[in-house]
Amino acid sequence: MREPACKGKIRYGVLVISLIIHAVALGVFGFLKMSGRMTASVSARPSITVQMIEKVIEQPVPKPKPKIVAVAKVEKEPEPEIKPEPKPLVVQEPLAVEPAQEPVEEAEVVLPESAPAANEVEFFGQKSIVQRVCYVVDCSGSMYGQMYRVKEQLKESIMDLNSRQEFCVLFFMDGREILMTGSGRLEPATVGVKSQALQLIERVRPAGSTDAAHALECAMRLRDRDKIGPEVIYFLTDGFSLDEDGSQLFIEKTERLRKSLAPSTVLHTIGFWPQLRDQIMLETLARNTGGNYTEVK
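Quick caveat, the model's predicted, so the values are computed rather than measured.

### A look at the environment of Ser247
Moving on, step 1. Tracing the sequence through the fold places Ser247 in helix H6 (residues 244-261).
Moving on, step 2. You can call Ser247 buried: its relative accessible area is 5%.
Moving on, step 3. Ser247 sits 34 residues away from Met281 along the chain, and the two C-alpha atoms are 6.7 Å apart.
Moving on, step 4. When sequence neighbours within four positions are dropped, the list of residues in contact with Ser247 reads Leu242, Arg277 and Met281.

What follows is the structure, encoded as structure tokens:
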């Protein structure tokens, strides 16, 4: 019976030895594993070089950011209200009250008729109060260079006429050639007739010689629709190219024509740089008819 007890002890000892061996083996295994982890962790860390340390030292020291202090808002004081100065009181005196009067019957008021506009005509400073006027203008070649001034004065005179006045413009030039406004008679100074006259004035050009006698005869024969002749003739020329006998004959012929054709017509003469003999002729023509002479230089 002792033999089985011994065998039990032997088994027990073998078991203890086995446990000890396993424990030692587990301990060695665990130690080796832990040392390997430590080596791997150490090898994973980056190495710090001298150049990296120098770069860090060379970098400037960052300046601290300025502190921002909130400023409290200052409310503006309200501006004082400016009141307008009171206007001075104006004391009006009481109006005097007239005593009541008995009503008076109002009489009918008749307005006076408006006075007619003056029928004034002006040409180179010579004024006339007439209703019918004729302009006889020298347009021969010798007037070249002076027609611009004549045309301006002529247009201005015509534009100042009113519609109750009647007029005609007569240009004499080469030989017995004559240019006239309208239909060869005195026409009312309406807008249309004035426009046609201004067109003729712009179109005419100096040419040829002078035949003033024929031009004056045509002017004295002019009539309006009522067969009444001109009250005034403005006669403008720069000369006649006549000798002494020819000048006297011209004056006598003009006077005979006036007495037979237009005995009440006044002749105003205008001389453009005339010679002495021509100046005397123009003065005589005007004086014989009650007109005036004007010299232009």
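### Quick look at the pattern of salt bridges
Moving on, step 1. Summed over the entire model, instances satisfying the criterion amount to nine salt bridges.
Moving on, step 2. The partner of Asp211 in a salt bridge is Arg176, with the nearest N and O atoms 4.0 Å apart. Taken as a pair, Asp211 in the loop between helix H4 (191-203) and helix H5 (212-220) and Arg176 in the loop between strand S4 (166-172) and strand S5 (178-180) lie far apart in primary sequence, 35 residues in all.
Moving on, step 3. Overall, Arg176 belongs to the exposed group, its relative accessible area being 55%.
Moving on, step 4. By sharing partners, the salt bridges in this structure join Glu152, Lys155 and Glu202 into a single network.

### Examining the confidence of the model for the protein
Moving on, step 1. Per-residue confidence for the protein averages 77 on the pLDDT scale, and 66% of its residues sit at or above 70.
Moving on, step 2. Throughout residues 88-116 the model reports pLDDT below 50, and contacts reaching past four residues in sequence, or to other chains, amount to one contact.

### Some thoughts on the layout of surface pockets
Moving on, step 1. In this model, the largest pocket occupies a volume close to 160 Å³.
Moving on, step 2. Taken together, Glu120, Val121, Glu122, Phe123, Phe124, Gly125, Gln153, Glu156, Ser157 and Asp160 make up the lining of the largest pocket.
Moving on, step 3. For the lining of the largest pocket, the elements supplying multiple residues, two or more each, are strand S1 (120-123) and helix H3 (147-159).
Moving on, step 4. In terms of residue count, S1 provides more of the lining of the largest pocket than any other element does, four residues in total.
Moving on, step 5. Here the residues of the lining of the largest pocket sort into three nonpolar, three polar and four charged.

### Details of a nonpolar patch on the surface
Moving on, step 1. Taken together, Val16, Ile20 and Val24 make up a surface patch of nonpolar side chains, about 250 Å² in accessible area.
Moving on, step 2. Within the fold, Val24 resides in helix H1 (residues 2-44).
Moving on, step 3. Looking at Val24, the relative accessible area reads 52%, which means it is exposed.

### Remarks on the packing of H6 against helix H7 (residues 276-289)
Moving on, step 1. Between H6 and H7, whose axes approach to 11 Å, the crossing angle comes to 20 degrees. As summarised for this structure, H6 and H7 are arranged roughly parallel, according to the angle between their axes. When you trace H6 past H7, the crossing you get is right-handed. Here H6 contributes Glu244, Ser247, Phe250, Ile251, Thr254, Glu255 and Arg258 to the contact with H7, which in turn contributes Arg277, Met281, Thr284, Leu285, Asn288 and Thr289.
Moving on, step 2. Its residues assigned to classes, the contact of H6 with H7 comprises four nonpolar, five polar and four charged.

### Details of the packing of H3 against H4
Moving on, step 1. Closest axis-to-axis distance for the H3/H4 pair is 11 Å, and the angle between their directions is 180 degrees. For the element pair H3 / H4, the angle class is roughly antiparallel. Residue-level contacts link Lys151, Leu154, Lys155, Ile158 and Met159 of H3 to Lys194, Ala197, Leu198, Ile201 and Glu202 of H4.

### Some thoughts on the environment of Leu216
Moving on, step 1. Tracing the sequence through the fold places Leu216 in helix H5.
Moving on, step 2. A C-alpha to C-alpha distance of 9.3 Å links Leu216 and Phe172, two positions 44 residues apart in sequence.
Moving on, step 3. Leu216 has contacts with Phe235, Phe250, Thr254 and Leu267, leaving out every residue within four places of it along the chain.

### Overview of the packing of aromatic side chains
Moving on, step 1. All told, the structure shown has eight aromatic pairs when counted by the stated rule.
Moving on, step 2. Ring centres of Phe123 and Tyr135 lie 5.4 Å apart, and the angle between their planes is 80 degrees; this geometry places the pair in the edge-to-face category. Of the two residues, Phe123 is situated in strand S1 and Tyr135 in strand S3 (residues 132-138); the sequence distance between them amounts to 12 residues.
Moving on, step 3. A residue is classified by how much of its surface remains accessible, and Tyr135, at 0% relative accessible area, is buried.
Moving on, step 4. Plain terms: the ring middles of Phe123 and Tyr234 are 5.7 Å apart, the flat faces sit at 70 degrees to each other, and that makes the pair edge-to-face. Of the two residues, Phe123 is situated in strand S1 and Tyr234 in strand S7 (residues 232-237); the sequence distance between them amounts to 111 residues.
Moving on, step 5. In this structure an aromatic cluster arises from ring pairing among Phe123, Phe124, Tyr135, Tyr234 and Phe272.

Analysis parameters
Residues numbered from 1 in each chain as written. Predicted model: local features only at pLDDT ≥ 70, side-chain atom pairs only at ≥ 80, totals over all residues. Heavy atoms only, no water. Helix = DSSP H or I, 4+ residues; strand = E, 2+ residues; numbered from the N terminus. Buried < 20%, exposed > 50% of the residue type's maximum accessible area, 1.4 Å probe, protein only. Contact = heavy atoms within 4.5 Å. Salt bridge = Lys/Arg side-chain N within 4 Å of Asp/Glu carboxyl O. pLDDT = per-residue confidence, 0-100. 1 Å grid on protein atoms, 1.4 Å probe; cavity = no way out; pocket = protein on both sides within 12 Å on 5 of 7 lines; lining within 4 Å. Points joined across faces, edges and corners; volume = space filled by probe spheres on them. Nonpolar A, V, L, I, M, F, W, Y, C, P; charged D, E, K, R; others polar. Patch = residues over 30% accessible without salt bridge, like charges linked within 9 Å, V, L, I, M, F, W, Y side chains within 5 Å. Areas by Shrake-Rupley, 256 points an atom, 1.4 Å probe, with all protein chains shown as cover. Axes fitted to C-alpha atoms, helices over the stretch in contact; angles between N-to-C directions. Parallel < 35°, antiparallel > 145°, perpendicular 65-115°, else oblique. Left-handed = near helix turned anticlockwise from the far one by under 90°. Phe/Tyr/Trp six-rings, centres within 6.5 Å; stacked < 30°, edge-to-face > 60°.

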